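Close look at the chain arrangement
Spelled out from the first residue to the last, the chains are:
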Amino acid sequence: MNQLKTALFIAITFLTSCTAKVTNDHSVGDPETAAYKTLSNKLIEDMKREFGGNMYESEKITPIETAEGIKIGIPDGTFYLFTKDNSKFLKGDLNNDKKFDLIIRARMNEKRGLETKKYFVFLQGKEGYEYVAEFKADDMVFENCRKMADLKVGTFNLDSISGGLLIGSTNYQSNNESYYKDYSYRCDTEKYKINLKDKTTELVFQSDLLKKNSNTGKYEKVTK
């Protein structure tokens, strides 16, 4: 009996020592915080290079805490806004290796242009999360707009990761919107596959296209 207990103890100790540093659960802790810090440093360095060595300007690129969140960006230019709480993190298995990978979400504004969203993808490796790619929410749906003649731009809103797919909804803007911030069309569900090799996304499912009824405010199925 004592030999059996000893064998079990050794086996458990061995398995524990081989466990990856990032656990497969939905918690947010040191690994996620480290990934966010790595991403923040990367964005800051990328933006400093945009100034072409102008030290006065590059010194301004520091994270700023606002009422909305943590802002990282160029003054009067491109900036990212991350929430201060854990809602910026989203976890799920992206490459079917039974490990939870990580996506960090941010709102993005390019040089006083229209706001979009950006998704930064990290895969779980042996030593933690490893950055692999990033996707703009409007670029992801660009081909959808081209296929549907009445649509001009759209924004994919990522809600979850399931079965290796990005799952969410998309708001679309037509060519006839009266206000540039109006998005009168939407698809309640869209699913995208990430092709990690070439760092692209591919639409694999799309629910019915809906249009907002200007009188009732409700969304109704678009009929041809």
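So, the overall build of the chain
A tally of helices and strands in the chain yields five helices and 13 strands. Of all 224 residues assigned to the chain, the portion counted as buried reaches 35%. Across the chain, contacts joining residues at least 24 apart in sequence account for 41% of those joining residues at least 6 apart. Accessible area for the chain stands at about 13900 Å²; split by element, carbon and sulfur atoms hold 51% of it.

Thoughts on the packing of aromatic side chains
Aromatic rings in a pair are described by how distant their centres are and how their planes are angled relative to each other. A complete count under the given rule lists six aromatic pairs for this structure. Ring centres of Tyr80 and Phe120 lie 5.9 Å apart, and the angle between their planes is 65°; on these two criteria the pair is classed as edge-to-face. Placement of Tyr80 in strand S3 (residues 79–82) and of Phe120 in strand S6 (residues 115–125) is noted, with a sequence separation of 40 residues between them. Accessibility assignment for this pair places Tyr80 and Phe120 in one class, buried.

As for the confidence of the model for the chain
Looking at the chain as a whole, its pLDDT mean stands at 84, while 83% of the residues score no less than 70. The secondary-structure element of the chain with the lowest mean pLDDT is helix H1 (residues 2–17), recorded at 46, while strand S11 (residues 200–206) shows the highest, at 96.

Observations concerning the pairing of strand S4 (residues 89–92)
Side-chain alternation along S4 places Phe89 and Lys91 on one buried face and Leu90 and Gly92 on a second face that is also buried. Bridge count between S4 and strand S5 (residues 101–109): four bridges; the pairing is antiparallel. Paired with Leu90 across the strands is Ile103, a residue of S5.

Considerations on the environment of Phe79
Considering the arrangement of structural elements, one finds Phe79 in strand S3. Residue Phe79 is classed as partly exposed on the basis of its relative accessible area of 21%. For the pair Phe79 and Ala106, spaced 27 residues apart in sequence, the C-alpha to C-alpha distance is 9.7 Å.

Here we look at the pattern of salt bridges
Scanning the model with the defined rule gives twelve salt bridges in all. In this structure, Glu115 engages Arg107 in a salt bridge whose closest nitrogen and oxygen atoms are separated by 3.2 Å. In this structure Arg107 comes out as partly exposed when scored by relative accessible area, which is 31%. Between Lys136 and Glu110 there is a salt bridge whose closest N-O contact spans 2.7 Å. On the criterion of sequence distance, the pair formed by Lys136 in strand S7 (residues 128–136) and Glu110 in the loop between S5 and S6 is long-range, its members being 26 residues apart. Connected through shared salt-bridge partners, Lys42, Asp46, Arg49, Lys118 and Glu134 make up one network.

A look at helix H2 (residues 30–50)
A rise of 1.5 Å per residue sets the reference length of H2, with its 21 residues, at 30 Å; its end C-alpha atoms lie 31 Å apart and thus fit the reference within 8%. The set of residues buried in H2 consists of Glu32, Ala35, Tyr36, Leu39, Ser40, Leu43, Ile44 and Met47. In this fold, the buried residues of H2 make contact with strand S2 (70–73), S3, S4, S5, S6 and S7.

Focus on the pairing of S6
Of all the eleven residues making up S6, nine are buried; the element is thus mostly covered by neighbouring parts of the structure. Where S5 and S6 come together, eight bridges link them in antiparallel fashion. Looking at the pairing, Met108 lines up with Thr116 of S6. Where S6 folds back onto S7 in an antiparallel hairpin, the turn is made up of two residues.

Quick notes on the side chain of Glu177
Take Glu177: it is sitting in the loop between strand S9 (165–174) and strand S10 (185–195). Reaching out from Glu177, the side chain makes a polar contact with the backbone nitrogen of Ser174 at a distance of 3.4 Å. There is a polar contact of 2.9 Å between the side chain of Glu177 and the backbone nitrogen of Ser184. Discounting residues that sit within four places of it in the chain, Glu177 has contacts with Tyr172, Asp182, Tyr183, Ser184 and Tyr185.

Description of unusual backbone geometry
Positive phi values are uncommon outside glycine, yet Lys98 reaches one of about 65°. Within the element layout of this structure, Lys98 appears in the loop between S4 and S5. Within the chain, Lys199 stands out as a residue other than glycine whose phi angle is a positive 55°. Structurally, the position occupied by Lys199 is in the loop between S10 and S11.

Conventions used here
Residues numbered from 1 in each chain as written. Predicted model: local features only at pLDDT ≥ 70, side-chain atom pairs only at ≥ 80, totals over all residues. Heavy atoms only, no water. Helix = DSSP H or I, 4+ residues; strand = E, 2+ residues; numbered from the N terminus. Buried < 20%, exposed > 50% of the residue type's maximum accessible area, 1.4 Å probe, protein only. Contact = heavy atoms within 4.5 Å. Areas by Shrake-Rupley, 256 points an atom, 1.4 Å probe, with all protein chains shown as cover. Phe/Tyr/Trp six-rings, centres within 6.5 Å; stacked < 30°, edge-to-face > 60°. pLDDT = per-residue confidence, 0-100. Pairing = 2+ DSSP bridges. Salt bridge = Lys/Arg side-chain N within 4 Å of Asp/Glu carboxyl O. Expected span 1.5 Å × (residues − 1). Polar contact = N/O pair within 3.5 Å; in protein donor to acceptor, adjacent residues only side chain to side chain.

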